[in-house]
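If you want the building blocks of each chain, they are given just below.
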Amino acid sequence: MKKVTMTVNGAARSADAEGRTLLSDWLREGLRLTGTHVGCDTSQCGACVVHVNGEPVKSCSVFAQELDGAEVTTIEGMANADGSLGKVQQAFQDYHGLQCGFCTPGMVMAAAALLKENPQPSEAEVRHYLEGNICRCTGYHNIVKAVMAASGQAVEPVAAE
Amino acid sequence: MPKDTGIGASPKRREDVRFLTGKGRYTDDINVAGQTHVVFLRSDVAHGRLNGVDTSAAATMPGVIRIFTGADFEGVGGLPCGWQVTDKHGDPMQEPPHPILAQGKVRHVGDPIAAVVAETREQARDAAEAIVPDIEELPAVIDMKKAVEEGAPKVHDDLKNNLCYDWGFVEENKAAVDEAFANAAHVTSLELVNNRLVANPMEPRVAVGDYAMHDDSSTLYTTSQNPHVIRLLMGAFVLGIPEHKLRVVAPDVGGGFGTKIFHYAEEAFCTFAAKQIQRPVKWTSTRSEAFMSDAHGRDHVTKIELALDAENNFTALRTETYANMGAYLSTFAPSVPTWLHGTLMAGNYKTPLIYVNVKAVFTNTVPVDAYRGAGRPEATFQLERVVDKAARELGVDPVELRRQNFIQEFPYATPVAVEYDTGDYDATMDKLLEMIDRDGFAERRRQSEANGKLRGLGVNCYIEACGIAPSNLVGQLGARAGLYESATVRVNATGGLVVMTGSHSHGQGHETSFPQVVADMIGIDESQVEIVHGDTANAPMGMGTYGSRSLAVGGSAMVRATEKIIAKAKKIAAHLMEASEGDIELKDGQFTVAGTDKSVAWGDVTLAAYVPHNYPLEDIEPGLEETAFYDPNNFTYPSGAYACEVEVDPETGKVDVLSFAAADDFGNVVNPMIVEGQVHGGLAQGIGQALLENCAYDEDGQLLSATYMDYAMPRAHDLPMFQVDHSCQTPCTHNPLGVKGCGEAGAIGSPPSVVNAVIDALQSGGHDVTHIDMPLSPSRVWGAMNTAAQ
Amino acid sequence: MYNFELTQPGTIQEAVDALKGEDAQALGGGQTLLPTMKARLAQMETLVALSGVAEMKGVCTDDQGRLCIGGGTTHATVAKEAASSYPALASLAGRIGDPSVRTRGTIGGSLANNDPSACYPAGVLGSGATIVTNAREIAADDYFQGMFATALEEGEIITEVKFPIPEKAAYEKMLQPASRFPLVAVFAAKFADGVRVAVTGASSDGVFRWTEAEQALSGNFSADAVKGLAAPDADGMISDLHGAGAYRAHLVKVMTARAVAAAG
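In this text, all values refer to a predicted model and were calculated from it rather than measured experimentally. (Residues numbered from 1 in each chain as written. Chains lettered and ligands numbered in written order. Predicted model: local features only at pLDDT ≥ 70, side-chain atom pairs only at ≥ 80, totals over all residues.)

Enquirer: With reference to specific residues and values, describe the overall build of chain A.
Expert: Within chain A one finds five helices and five strands. For 161 residues, the compact-globule estimate of 2.2 N^0.38 gives 15 Å, and the C-alpha radius of gyration of chain A, at 16 Å, lies within 12% of that figure. Its C-alpha atoms give chain A principal-axis dimensions of about 55 × 35 × 25 Å. Pairs at least 24 residues apart make up 58% of the contacts formed inside chain A by residues separated by at least 6 positions. (Helix = DSSP H or I, 4+ residues; strand = E, 2+ residues; numbered from the N terminus. Rg over C-alpha atoms; globule rule 2.2 N^0.38 Å. Contact = placed C-beta atoms within 7 Å.)

Take a look at the structure:
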């Protein structure tokens, strides 16, 4: 066991970690930040994506001890300072980009990383970038729309009626 | 103009805020003080005699509290099956026991042998590895047709053979059907496989069992679509705990798609073990474990034949299906290939004679049960494929062949025992054709060909029976449960309402759409209505969410309870305004007396109910809370027409879905945004089945597609933007909302149009390919192109 | 997974020393190793994380004009920083796995593992790159020794990979639909003195050079030159749920032609 400290969502946070403690477990069990989800064990589904030092990382595929001193942002850190939904979060609600909500934290974190790198992605670029995030509910249609909308691009309104 | 509130509006989902901020409360987020962790040792062979389990080394390992084996469950009930099918001879199906932990034999890879309860999950897993099971491996039966051959190894030694049942439907029609085939002008036949799938909700299953010695009560937190059903099955049939001593909570659940309907061994284990060790017990499935312990879906092998007369009218349909049950009967498994499949074989067509034979087979594989659509995708796929093939054989337009045979008059009693109350199949087909620019297809095909690609257009129709289901009917058909739904509407003194529903939301958005209905009925703001679900401590009873039933059945119960509330509130209002009850009207949250300017507000009446100073206490009780149970008197029958356009790369066999259009008739629609989202998700799963997903075993019963490395889940760039429309609306005639259900349509309706489109593309390139089994992976498509005669 | 001690050396020398310990193993980005460890298919006493070794990170050009990539450089960094100097290789790196995998995964980790369906082995073999370790330099042609097998000795670390820059090159990949690893992918590179064609995903021996195509292309670097060739022998090709050996052999030819066409 080793005490690991990171700056999580802007605040210094510490919790113990074994060598084998994954970042996802450290966040969920150590800090009780349960917004980060684990949906697979082969680094495929992306439900666990967080930002480490500003870059998207699958938190189930990195050891907590390796990230001592890192800056981490999780879904809990994506809202505005006043508690209102952040830009990407709001677009997901506005465009019905989530259903069961389980893949959503990873989707939002991946989408935010994309928009940082590419502020006006095309539909194809959004779809390609989300290659490492699996959603079983939405068919991705409204996720893609939400990401496009969050980038300030015009999209069709959510319900045809 | 789109509506802003109430029925027909698309308010933003209120549940989204917690999901988007990481504040959802899923079962794995629940940790109970003093909690222990269980890890299951699972069989790594498909079939074997379990001669013993040596737990001695594991028992002394760090953190280990107790190790359980099958012997600990002697005298404890096994997992029950909720449906008994009667075979074509009138005999009940063969129904083997399903122990919580293996006893005497292991019957599939993943069958739980032992359970280690330890202080931490890793300690439990360390110890599970140190358990030594003594397994004498036996030959596995995997292929269904071989499983029913004389002399095949038996999955269950005590059964006659591996045939669960041999079902004929309608057996009395068989001779007439055979005669129609003998007299047919044309017969089209097709042999096909409906591929085995894994539902794969993104949240793996979790169970937390807790026991309170002080009042001898148990609580189970579980990832379920129907906590009340789990309470009933586990309490009454497995552990012998009466309902009042057992609470089942299904909090936020990360998708279900059918696979979280069923009562699983791990749920019973955690509840049982928590009492045994007097500490809470938690199990969290890994994804790899999910592949070998979640019930799988589909897995039918079918021969279908369609008879037509000289004018291309369908005269008879005959099918023979082998349906895989897996190693044990999962909760509703026997109903899926029978009452959810045979009854749908008429589809949208007025075929007068139909005979369906289904042989349900035990094999050494994971149990198979309902997965989104459950039986109806299998029916739709074979029917819409054989109709398409017939059109090609006859050289007629596949759309026109369908139209010619459409049912036109409703209600329509099919030859397979159901009565469609309403529908308009030409309307959805017209809408579809409007959406897809069929006239421009030839030009689009030319453009693809110029780029070295083959382009195809596939069309199909579908009908489904949902809003499951009339209890008296399903009781006759073998259901061991009722399929009503309940709701309690509690009005608080200041006018807000809480609706406790037996329906469960695991993505469907009930917390948003159900209030739209209640708020509309009363004329108040939706924010005044809160939905509570997922806890047996709240709603009186609940059959849960599956079979596209939540709004049609659960919503109807909520409407009935709200009607009772309104009726009582009118009595109170009549008293307050000194008017006759019959003259009271409720509109926009105001009670008025017809023909006068008298009025009292909703809030005045609700306050009077709880502060009954001026109140008709001699006639009615104080308070304002009502419960209703709603039992539908028929299924609902959503229908639609779908089209898919694909491009095939002839060099690699890769299929790209360029467009997908869905014209659905769901009857009335409460929240169009949510309805469209449901269709999108269903389409993705149906296209996934058609092109990507395949749960495969080798001949020894090893699972080949055991992780996402080999089981291909649809990703964002596998799919196009969808065109969806639900403007064709023939309201359901027998439920108060006129709704039909929309959750499964996309998954039911989409696989045939994808396959029809690929066949169309290949034939356009001169390839004599009439069928490819799903999934139409690049290698299969390329293989079909390169073995078929050019 | 089994427990272990994690150590984080700051220099190559410290890493090499740490790897001399009993039952020690190196950890690159961990994007393949961690899933393997979760499945309890790998066990070690000590895991030596290379992510803190700054001298093994970065992309530069040496005085021979070669692109030099530190062994601990992530795919995301290569995709960005090699984009102008070696676009085909940057494109390969930018298509490995998914964005989150590329944040962590490293070239050294990928090459040390030598998964038969990994992307980098094709880029390295197809470029005729040189693998530099703490102890020596190894030519790509000598480095890859079959599925998950390499020339690396116990405890040897890939510190750098040096790529000669071809006149033109491209990487074409047919995805395995589930894992999104290559079902078959081909890196084709035209140098002044000849053509190299490296194939990954196809063979059960791991990455290999398709010499018949190289010969045909050396005289005529065009997709047409490939079309006249017979597909490589299906024997020895991987045959699984996602495609039989004959299909993979066919794809080798298709992807080679496409890579050549894409290289221009």
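Enquirer: Give a detailed account of helix 9 (residues 376-394) of chain B, specifying residues and quantitative values.
Expert: Residues and elements named next belong to chain B. Spanning 19 residues, helix 9 covers 27 Å between terminal C-alpha atoms, matching the ideal 27 Å at 1.5 Å per step. Most of helix 9 sits inside the fold, with 16 of its 19 residues counted as buried. Looking one or two residues beyond helix 9, the residue adopting positive phi is Gly-395, at roughly 70°. (Expected span 1.5 Å × (residues − 1). Buried ≥ 20, exposed ≤ 12 C-beta atoms within 10 Å, placed from the backbone.)

Enquirer: I'd love a proper account of the nonpolar core, names of residues and values included.
Expert: Core analysis: the biggest nonpolar cluster contains 404 residues, and B:Val38, B:Val116, B:Val361, B:Val758, C:Ala188 and C:Val199 have the highest contact counts within it. The dominant element in this core, judged by the number of residues it contributes, is helix 15 (residues 550-577) of chain B, at 13 residues. Not counting residues up to four positions away in its chain, the partners in contact with B:Val38 are B:Ala115, B:Val116, B:Val117, B:Ala124, B:Phe269, B:Cys270, B:Ala273, B:Val281 and B:Trp283. (Core = buried A, V, L, I, M, F, W, Y, C linked by C-beta atoms within 7 Å.)

Enquirer: Hey, could you go over the interface of chain B and chain C for me, with residue numbers and the actual values?
Expert: With 15 residues of chain B at the contact, the number on the chain C side is 11 residues. Of the residues that constitute the side of chain B that touches chain C, the class distribution is eight nonpolar, five polar and two charged. (Nonpolar A, V, L, I, M, F, W, Y, C, P; charged D, E, K, R; others polar.)

Enquirer: Requested: an account of the interface of chain A and chain B, with residues and values cited.
Expert: Residue-level contacts link 47 residues of chain A with 47 residues of chain B. Those elements that provide at least two residues to the side of chain A that touches chain B are helix 2 (87-94), helix 3 (104-117), helix 4 (123-129) and helix 5 (141-150) of chain A. Grouping the amino acids of the side of chain A that touches chain B by side-chain chemistry returns 23 nonpolar, 17 polar and seven charged.

Enquirer: Explain the packing of helix 15 of chain B against helix 16 (residues 602-610) of chain B to me, using residue names and the numbers behind them.
Expert: Residues and elements named next belong to chain B. Closest axis-to-axis distance for the helix 15/helix 16 pair is 9 Å, and the angle between their directions is 95°. Considering their axes alone, helix 15 and helix 16 lie roughly perpendicular with respect to each other. Facing helix 15, whose interface residues are Ala-569, Ile-572, Ala-573 and Leu-576, helix 16 presents Asp-604, Val-605, Ala-608 and Ala-609. The class makeup of the residues in the contact of helix 15 with helix 16 is seven nonpolar, no polar and one charged. (Axes fitted to C-alpha atoms, helices over the stretch in contact; angles between N-to-C directions. Parallel < 35°, antiparallel > 145°, perpendicular 65-115°, else oblique.)

Enquirer: A description of the pairing of strand 24 (residues 584-587) of chain B should follow, citing residues and the corresponding values.
Expert: All names here are of chain B. In this structure, strand 24 lies alongside strand 25 (residues 590-593), joined through four bridges in antiparallel fashion. Across the sheet, Lys-587 pairs through a bridge with Gln-590, a residue of strand 25. Two successive antiparallel strands, strand 24 and strand 25, enclose a turn made up of two residues, where Asp-588 displays a positive phi of approximately 50°. (Pairing = 2+ DSSP bridges.)

Enquirer: Account for the sheet that holds strand 8 (residues 186-194) of chain B, with residues named and values stated.
Expert: In any sheet, the strands associate via hydrogen bonds between backbone groups, in a parallel or an antiparallel arrangement. Residues and elements named next belong to chain B. Taking strand neighbours across the sheet as the criterion, the five strands line up as 7-17-16-15-8 in an open arrangement whose pairing is mixed. Since the sheet does not close on itself, it has two edges, and those belong to strand 7 (163-169) and strand 8, each with one partner. Ignoring strand direction, the axes of neighbouring strands in this sheet form an average angle of 10°. Alignment of strand 8 against strand 15 (residues 300-308), held across nine bridges, turns out to be antiparallel. Considered in strand 15, the bridge of Thr-188 is made with Leu-306.

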